[in-house]
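If you want the building blocks of each chain, they are given just below.
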Amino acid sequence: MKFNIPSLNPSPLHREGLDSASLKMMVGILVVLMSIFLFALPLSAQESTPEAQPTRAVTSDDVNEVASGMFCPICENEPLDTCRANTCVIWRGEIRDMLEQGFSEQQVVDNFIGRFGQRVVDVPQDDGLRLLTFIGPIVLGLLALIVGIITFSRWRGGDVPPRVTTTSANLDAGNDDYRSQLESDLRE
Amino acid sequence: MLAEIGITSTFLALAATIYAVVTATIGGKTHSERLVISARNAALATFPLLLLACAVLLIALIAGDFQINYVRSTTDPQTPVFYRITALWGSQEGSLLFWSLMMSLFSAGALILNWHSERRLMPYVTAYLMAVLAFFLVITIFLENPFERVWLIPQAQETQVVDSVLIPANAVAPLEQNLVNNAQGLNPLLRHFGMIIHPPMLYLGFTGFVIPFAFAMAALASGDLSSNWIKATRRWALVAWLFLGLGLILGGRWAYDVLGWGGYWGWDPVENAAFLPWLIGTAFIHSAMIQEKRGMLKVWNMFLVIGTFSAVMFGTFATRSGLVESVHSFARSQIGLPMFLFWSGITLVSVTMILWRWNRGELKDDHHNSGILSRETMFVLNNVVFVALSVAIFWGSFGAPIISELFLDETITLGSQYFMRVTPPLFAVMFILMGIAPVTAWGATSAARLGSTVLVPAVMTLVFVALIVVTGTTLPVAVISYGIVSFAGFVAIYEIYRGARARMRSKGENPVVATYSLFTRNRRRYGGYIVHLGITIIGIGVIGSTLFQTTTEQTLNTGETVAINEAYSMRFDRFEIQQATDGRIIDRAYVTVIKNGEDVAQLSPRIDQFPTMPMTIAGAHSTIENDFYVLLQDWDTDTFDSATFTIYINPLINLVWWGGLILIIGTFISAWPNETVPANLRNRSAIKAGARPIGATA
Amino acid sequence: MDINDIPEISDLEQPPAPSRGLSLGSIILIFGVICVIAVVGMQFANQNASTPTSGPAPTFTVTTFDGETFDLKAQAGKITVLNFWGSWCGPCRAEAPRIQLLHEDYAERGVNVLGVTYLDDVDNSLAFMNEYGLTFPSAPDPNLQVADSYQITGAPETFIIDQNGDVVDFVYGEITDLRMTQLRDLIDDMLANG
């Protein structure tokens, strides 16, 4: 039952070369992907710097631009720019007034937060809450990554020398050539 | 009379479920064939009973039996028959009964189709299925009974009005006319084809996941921890996954057409609550393959199945209890507490059971991964990504807002800005894996071999990206996203091509026959490629409509034209007010879409003023390239010669719907039963069923 | 979430003897699940806490537009009519004169009428008070603390708080003429008995 058939067992040297190359590749992929994931957040979180602007003609699009990142507490989960409730119409009017008075987008948002709290924006502006908001997925993401890495190492660690059973032998044999693998799949 | 039939049959169904739970458990423990068969028959009987109850409610809705509170609250004498039918699931009570019916349908299906192949698990499967169904019937009957009626009890001073399921003593029925006057009609937002099919699809998806859950729990309870339960439930999981996906897509379509905000996905907590089981379910149908082929990830699969069902129950609880506020919220009701207890109960019990079996060493993997670069590795990464997505979405919709409100005393709501920052990187990883995993071999593969397999799709992707850049899309985020997403699609297409070519070479078949036999010989793999292709097309549609959506709000006078972008402009032609036969007032603007100087479409965005609420209906001109989508916002109420519109140009949005269609086709191919084995099973069970008719042994 | 905390089962040859009890990792995992359930449960209980229509009124302290401090706790022995309003809301406009009349008729008999604005801009609130000649004190509600403690979901909403600090009546929406008559009767009774 448990013979290690030589022809089915790749030579140690071959295996070694294979794995260090692929290991590097895997680690590379993981590092790149996770750095995308981790760095995309803080970077994009720093948009829209406040700067004073002179009094200007304000279009509805300018108002909606600001409103799209806000919620009105009357109709939760409906962004302020598309909400049709009376309160939303009034709030949009207020945004327009403030923009016309030369408030920057950030100042408008800050004004609303000052009056009604963090619930009016769709991502909290308060540093502590912001940290809570974004640290959650990052910590959990890292945790998932660690789980993944431990799983790999455990899989690999527990498998020297590899115990080749009939099914995996078939599959391993099939790996030598794509065509034969395909054919073996087709035979299933 | 109608109500009595409904009440009786739901009550009998509840009795049958309880009987089935008890006898199946005892029968399973004592190995009593007679008890187990009896439990099965009781479980099968719930379906006709609930079908009768639903039929009765349907008849009451169509006939207009307004003494029944549910009928009065969802229809009125003017409601067209079509909407009377859909009112069956239009509100809380009816939808719970309908949900129970779906669950009993799935249970019956699993009990009939898998009875002989998974004989050892079946007593436990029956018990778990019926326990879940019993819970839903209890809340339907005792808390949200759709057959509740209004009664008058004449007393000395004044007449008392009572809502009651059973007829109170001395009660008389109210006058028909009074009942009719109080009828409310269906929420106008629900009068849309998407809303008509969307809830049943979602319910089919949600309830379908009860089958894998019951099998997993049965495996844990019985100690038969081989991969039998995975083999038995893979198709059920796929079917549930299909319906859930379909429900999500239809829900998106409904939002796009009816809610009037130019988009299809708002990251609303209720949408997310339905998306979570889909994500975890997707992880499961992938990692189930590893367990089936390699006997690995046994514990993990248990967690995924239970996680999927737990997410279904959590979503149902969160949506219907007012845990979070949402456009979708059912009225807050009494079922919140029982739903919460049920959700937390099943989650805790099942997690404990997995850990108990695991700590006894009974859930060991048969194999270990031999190479880092292998299909197993890719699938584990895929699982990590899907779980990370679920966690990030759960965190955004529920975790962070709940923690902030409870412990920091600050109410926050996370909107698209959160989700559009957190999820895209994860989706990008998902698409990369979707491209690489299918061409990675089981066991191990080398980087060089992997490189050569993806060479052609990679070149195709580069050509595609170059074409995109040449045709004027230079936004780096867009180019990279299109590249990542299309790579997965090209891999799927190229793999199908390679398979067909291999058959053409080895069997000498012509391309059509080769492709056909490729699909029939390995439905699962090639159906899976079609699903991947569908997801790719949805992905391209999402990228296009998210990154390149143009929106502007404009106020126009009659006859005035405004330029929207280089190609499009729009003219406001006239304004009309109409009254529809059902009493609603329709404020309608007529506009002309002009593309490159030519009139291409007449649209009439409108607002229907129902007595209860206004409903904004967009005018949309749909082409392959984009949707020109106009909403009427406001107008001059004196002269009607000026109106305000919000105009959206949503590029590639139709790919989302078409991708959905391809996804459905692919899932059908994957889940379609293989000719040989199930045919045998079907014959066998037909013979057995004939020999032992239901009821004979009960 | 971490399924790998459990000591690895390294021996493939011999099935290990079934161990009794759970490993540390499993216990941590179960504890985590319980924590999630508990937090969701707390939120559920919190959300379900309905508008206080009877029993002790949540206490609060606000600073009115006139700059005076109103502390509900300090009002023991007096009846308080707490009205949530906003200048943007139609029904509030309809009921404002009635509430003003109530204030005029009962102020001397020791009945407090207090307005708390809901989701309103200070300037708009002041303009509204000016427009309707409101002389009863009103206070802004920064961060909606009062509104949250009374579980306000819209405006107007009105609470009648008795001499012992208990909510005795609640009006959801506009106080119509009919409803106002009832409230006046109720307040008369309370004054007579208390």
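Computed from a predicted structure; not experimentally measured.

Trainee: I would appreciate a short explanation of the overall build of chain A in the present structure.
Mentor: In terms of regular secondary structure, chain A is built from seven helices and zero strands. Overall, chain A shows an N-to-C arrangement of helices and strands of α-α-α-α-α-α-α. Evaluated residue by residue, chain A yields a buried proportion of 31% over its 188 residues.

Trainee: Could you clarify how one ought to interpret the overall build of chain C in this entry?
Mentor: Each helix and strand in chain C was counted, giving five helices and eight strands. When the elements of chain C are put in sequence order from the N terminus, they spell out α-β-β-β-β-α-β-α-β-α-β-β-α. The proportion of buried residues among the 194 residues of chain C is 27%. Here the analysis covers contacts within chain C between residues at least 6 apart in sequence; of these, 69% occur between residues at least 24 apart.

Trainee: How should the packing of helix H18 (residues 476–507) of chain B against helix H20 (residues 523–547) of chain B be read in this particular structure?
Mentor: Packed helix pairs are characterised by how far apart their axes lie and by the angle those axes make with each other. Residues and elements named next belong to chain B. Where H18 contacts H20, the axes come no closer than 9 Å and their chain directions differ by 160°. Classified by the angle their axes make, H18 and H20 are roughly antiparallel. When you trace H18 past H20, the crossing you get is left-handed. Partitioning the contact of H18 with H20 into residue classes produces 14 nonpolar, seven polar and one charged.

Trainee: Honestly, helix H6 (residues 122–143) of chain B in this entry has me stumped. Any pointers?
Mentor: The periodicity of an α-helix, 3.6 residues per turn, causes residues three or four places apart in sequence to face the same way. Between its terminal C-alpha atoms H6 of chain B stretches 31 Å, which fits the 32 Å expected from 22 residues at 1.5 Å a residue. Taking burial as the measure, the 22 residues of H6 of chain B include 18 buried ones, the bulk of the element.

Trainee: Just checking my understanding: could you explain the sheet that holds strand S8 (residues 166–172) of chain C for this structure?
Mentor: For sheets, the rule is that strands pair by backbone hydrogen bonds, running either parallel or antiparallel. Ordered in space as S1-S8-S7-S4-S5-S6 (chain C), the six strands form an open sheet in which the pairing is mixed. Of all the strands in the sheet, just strand S1 (55–56) and strand S6 (138–139) of chain C have a single pairing partner and so form its edges.

Trainee: Before we go on, may I ask you to explain the sheet that holds strand S12 (residues 642–651) of chain B in this structure?
Mentor: Residues and elements named next belong to chain B. The antiparallel open sheet is built from four strands, whose spatial order is S3-S12-S11-S10. Both edges of this open sheet fall to strand S3 (550–557) and strand S10 (619–622), since each of them pairs with a single strand only. Averaged over all adjacent pairs, the angle separating strand axes in this sheet is 20°, with direction ignored. Direction of pairing for S10 relative to strand S11 (residues 626–635): antiparallel, over a ladder of four bridges. Each residue of the ladder has a partner; that of Gly619, found in S11, is Val630.

Trainee: I tried to follow unusual backbone geometry on my own but got confused; where do I start?
Mentor: Excluding glycine, residues mostly have negative phi values, and the peptide bonds linking residues are mostly trans. Residue and element names in this part refer to chain B. The backbone phi angle of His31 is positive, close to 55°, even though this residue is not glycine. Take His31: it is sitting in the loop between helix H1 (2–30) and helix H2 (33–63). By the C-beta count within 10 Å, which is 9 here, His31 ends up exposed.

Trainee: Teacher, can you tell me more about helix H2 (residues 90–106) of chain C here?
Mentor: All names here are of chain C. Relative to the 24 Å expected for 17 residues at 1.5 Å per residue, H2 spans 25 Å between its end C-alpha atoms, a close match to the ideal helical length. Regarding H2, the residues found buried are Cys92, Glu95, Ala96, Ile99, Leu102 and His103. Buried residues belonging to H2 abut strand S4 (79–85), strand S5 (111–117), helix H3 (122–132) and helix H5 (177–193).

Trainee: Hey, could you run me through the environment of Asp110 of chain A in this one?
Mentor: Residue and element names in this part refer to chain A. Structurally, the position occupied by Asp110 is in helix H4 (residues 105–116). With 15 C-beta atoms counted inside 10 Å, the residue Asp110 sits in the partly exposed group. Asp110 sits 18 residues away from Arg92 along the chain, and the two C-alpha atoms are 15 Å apart.

Trainee: Just to check I follow, could you spell out the pairing of S5 of chain C for this structure?
Mentor: Strand residues, when the strand is regular, have side chains that alternate between the two faces of the sheet. All names here are of chain C. Here S5 lies mainly inside the structure; five of its seven residues are buried. As paired elements, S4 and S5 share seven bridges and run parallel to each other. Across the sheet, the residue bridging to Leu82 is Leu114, located in S5. Between the parallel pair S4 and S5, the chain is carried across by H2, and the sense of this crossover is right-handed. Looking at chain direction, S5 and S6 are connected through two bridges and run parallel. When the sheet's bridge partners are listed, Gly115 is paired in S6 with Ser138. For the crossover that starts at S5, traverses H3 and ends in the parallel S6, the hand is right-handed.

Trainee: I'm lost on the packing of H20 of chain B against helix H21 (residues 654–671) of chain B in this one. Help?
Mentor: Where H20 of chain B contacts H21 of chain B, the axes come no closer than 7 Å and their chain directions differ by 170°. The orientation of H20 of chain B relative to H21 of chain B falls into the category roughly antiparallel.

Trainee: What's the story with the environment of Gly114 of chain A in this structure? I'm lost.
Mentor: Residue and element names in this part refer to chain A. By the element assignment, Gly114 lies in helix H4. Owing to 11 C-beta atoms within 10 Å, Gly114 belongs among the exposed residues under this scheme. Between the C-alpha atoms of Gly114 and Leu145, which are 31 residues apart in sequence, the distance is 39 Å.

Trainee: Help me out: how do you make sense of the environment of Ser506 of chain B in this one?
Mentor: Residue and element names in this part refer to chain B. Inspection of the secondary structure assignment puts Ser506 in helix H18. The exposure class assigned to Ser506 is partly exposed, which follows from the 13 C-beta atoms found within 10 Å. C-alpha separation for the pair Ser506 and Ile18, spaced 488 residues apart in sequence, amounts to 58 Å.

Rules used throughout
Residues numbered from 1 in each chain as written. Chains lettered and ligands numbered in written order. Predicted model: local features only at pLDDT ≥ 70, side-chain atom pairs only at ≥ 80, totals over all residues. Helix = DSSP H or I, 4+ residues; strand = E, 2+ residues; numbered from the N terminus. Buried ≥ 20, exposed ≤ 12 C-beta atoms within 10 Å, placed from the backbone. Contact = placed C-beta atoms within 7 Å. Axes fitted to C-alpha atoms, helices over the stretch in contact; angles between N-to-C directions. Parallel < 35°, antiparallel > 145°, perpendicular 65-115°, else oblique. Left-handed = near helix turned anticlockwise from the far one by under 90°. Nonpolar A, V, L, I, M, F, W, Y, C, P; charged D, E, K, R; others polar. Expected span 1.5 Å × (residues − 1). Pairing = 2+ DSSP bridges. Right-handed = clockwise from strand over helix to strand, strands pointing away.

Bear in mind that shape data such as this cannot, by itself, settle questions of function.
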